[in-house]
Amino acid sequence: MPGMADIRAKERWEHRTQGPLLLLSVLFAVAYAVPIMRTDLAPWVRDACRAVEWGVWAAFALDYAVRLRLAPRRWDFVRSQPLALLAVLLPLLQPLRLLRLVSALLLVGQRARMASRVRVTTYVAGSCLGLLVFGSLAVLEVERDSPNGNITTLGDAVWWSFTTMTTVGYGDLAPTTGLGRLLAIGLMLSGIALLGVVTANIAAWFIARFDEEEASDRRQTAAIEDLTAEVRALRAEVAELRGGFTGSGGPGDGTVTGAADHVSSPRS
């Protein structure tokens, strides 16, 4: 059946490329962070980092194209993963470094969700850490050279990202550029979504624990009821056997006496 063959081929491709793509995402993180944290890099190092960023994006774009090619229903595949398509097309619209960062985060997040070995808790924790780190680096790159900017160090950027993601917003640090404010909006929305997932996950864990305890109590109650019914049945059988044994005669009743009389009758 061609459809099943395509599905198996798509699953094999996704399984084989999960590890390499996640390693490439780590390489992208290094290539993105180094030029921001070190402003005195040689031009060839910056060019190499930029080439790595484009190369990782190209690898994820190729992965999307292959999965689209192997999908049995391509239009359904495109409709079911709009963020992946947006992440592939985003850097082509305008070659900004920030757009490559956003697209890489979307693509890496999509493949991480598809990995069966990645649990929800691990995915949420990794997403929070990734947003915190990359949000700090991105806002530092955007705001550091702004004339009115007050986010000029990595420590300030991390503090701002943390307060923004948790929607606390002390107001001591704030972006002054348009891109910085767009980053703030993205971090706030992402933080609200991730915190909602964390809260829902914790609530689901408690509910599951309560359900397990209730199910265990129900099993114990059912076992006690079954045992009680068996004991009652055994008592009834024992009472029945005692009644039958007494009614049919046994040691101590008149049967033995009658036999003795029969034996002693010739002497008389």
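Residues numbered from 1 in each chain as written. Predicted model: local features only at pLDDT ≥ 70, side-chain atom pairs only at ≥ 80, totals over all residues. Heavy atoms only, no water.

## Observations concerning the overall build of the protein
The secondary structure content of the protein amounts to 9 helices and 0 strands. Reading the protein from its N end, one meets helices and strands in the order α-α-α-α-α-α-α-α-α. Counting only residues that meet the buried cut, the protein has 28% of its 268 residues in that class. Across the protein, the fraction of contacts at a sequence separation of at least 24, relative to all contacts at a separation of at least 6, is 62%. Accessible surface, the protein: about 17400 Å² in total, of which carbon and sulfur atoms supply 65%. (Helix = DSSP H or I, 4+ residues; strand = E, 2+ residues; numbered from the N terminus. Buried < 20%, exposed > 50% of the residue type's maximum accessible area, 1.4 Å probe, protein only. Contact = heavy atoms within 4.5 Å. Areas by Shrake-Rupley, 256 points an atom, 1.4 Å probe, with all protein chains shown as cover.)

## Some details on the pattern of salt bridges
This model, assessed by the stated rule, comprises 7 salt bridges. Residue Glu212 is joined to Arg209 by a salt bridge in which the shortest nitrogen-to-oxygen separation is 3.9 Å. With Glu212 and Arg209 both in helix α8 (residues 178–247) and 3 residues apart, the pair spans about one turn of that helix. Exposure remark for Glu212: the relative accessible area of 48% places this residue in the partly exposed category. We classify Arg209 as partly exposed; its relative accessible area is 39%. A salt bridge links Arg218 to Glu214, with the shortest nitrogen-to-oxygen separation between them at 4.0 Å. With Arg218 and Glu214 both in helix α8 and 4 residues apart, this pair spans about one turn of that helix. (Salt bridge = Lys/Arg side-chain N within 4 Å of Asp/Glu carboxyl O.)

## Examining helix α7 (residues 154–165)
Along its 12 residues, α7 runs 16 Å from first to last C-alpha, staying within 8% of the 16 Å computed at 1.5 Å per residue. Residues Ala157, Trp160, Ser161, Thr163, Thr164 and Met165 constitute the buried set of α7. Downstream of α7 by a residue or two, Thr167 has a phi angle that is positive, lying close to 60 degrees. (Expected span 1.5 Å × (residues − 1).)

## Some words on unusual backbone geometry
Residue Thr167 is not a glycine yet carries a positive backbone phi of 60 degrees. Structurally, Thr167 is set in the loop between α7 and α8.

## Some words on helix α2 (residues 43–70)
For α2, spanning 28 residues, the distance from its first C-alpha to its last is 41 Å, which sits close to the expected 40 Å at 1.5 Å a residue. Taken residue by residue, α2 has Val45, Cys49, Glu53, Val56, Trp57, Phe60, Ala61, Asp63, Tyr64, Arg67 and Leu70 as its buried positions.

## Here we look at the packing of aromatic side chains
Enumeration according to the criterion identifies 5 aromatic pairs in this entry. Between the aromatic rings of Tyr64 and Phe77, the centroid separation amounts to 5.5 Å while the plane-to-plane angle is 40 degrees, which identifies the pairing as tilted. Of this pair, Tyr64 sits in helix α2 while Phe77 sits in helix α3 (residues 74–80), and the two are 13 residues apart along the sequence. Judged by its relative accessible area of 4%, Tyr64 is buried. (Phe/Tyr/Trp six-rings, centres within 6.5 Å; stacked < 30°, edge-to-face > 60°.)

## Here's the deal with a nonpolar patch on the surface
A contiguous nonpolar surface patch, about 470 Å² in accessible area, is contributed by Leu179, Leu182, Ile185, Met188 and Leu189. Met188 gets classed as partly exposed once you look at its relative accessible area, which sits at 35%. (Patch = residues over 30% accessible without salt bridge, like charges linked within 9 Å, V, L, I, M, F, W, Y side chains within 5 Å.)

## Observations regarding the nonpolar core
The biggest cluster of nonpolar side chains holds 22 residues, and the ones touching the most others in it are Tyr32, Val139, Ile151 and Trp160. Taken together, the elements giving at least two residues each to this core come down to α1 (2–37), α2, α6 (120–143), α7 and α8. Among the nonpolar cores identified, the runner-up in size contains 8 residues, and Trp57, Ala61, Ala71 and Val78 belong to it. (Core = buried A, V, L, I, M, F, W, Y, C linked by side-chain atoms within 4.5 Å.)

## Some details on the environment of Leu27
As for its position among the elements, Leu27 is in helix α1. You can call Leu27 partly exposed: its relative accessible area is 42%. Separated by 25 residues in sequence, Leu27 and Val52 have C-alpha atoms that sit 7.6 Å apart.

## Points about the confidence of the model for the protein
As a general rule, the predicted coordinates of low-pLDDT regions are not to be interpreted in detail. Considering every residue of the protein, the mean pLDDT works out to 77; 77% of them sit at 70 or more. Here helix α9 (residues 254–264) stands out as the element of the protein with the lowest mean pLDDT, 45, in contrast to α7, whose mean of 89 is the highest. In this model, residues 252–268 is a region of pLDDT below 50 whose contacts with residues beyond four sequence positions or in other chains number 0 contacts. (pLDDT = per-residue confidence, 0-100.)

## What to know about the environment of Thr153
On the secondary structure map, Thr153 appears in the loop between α6 and α7. For the pair Thr153 and Leu137, spaced 16 residues apart in sequence, the C-alpha separation works out to 9.8 Å.

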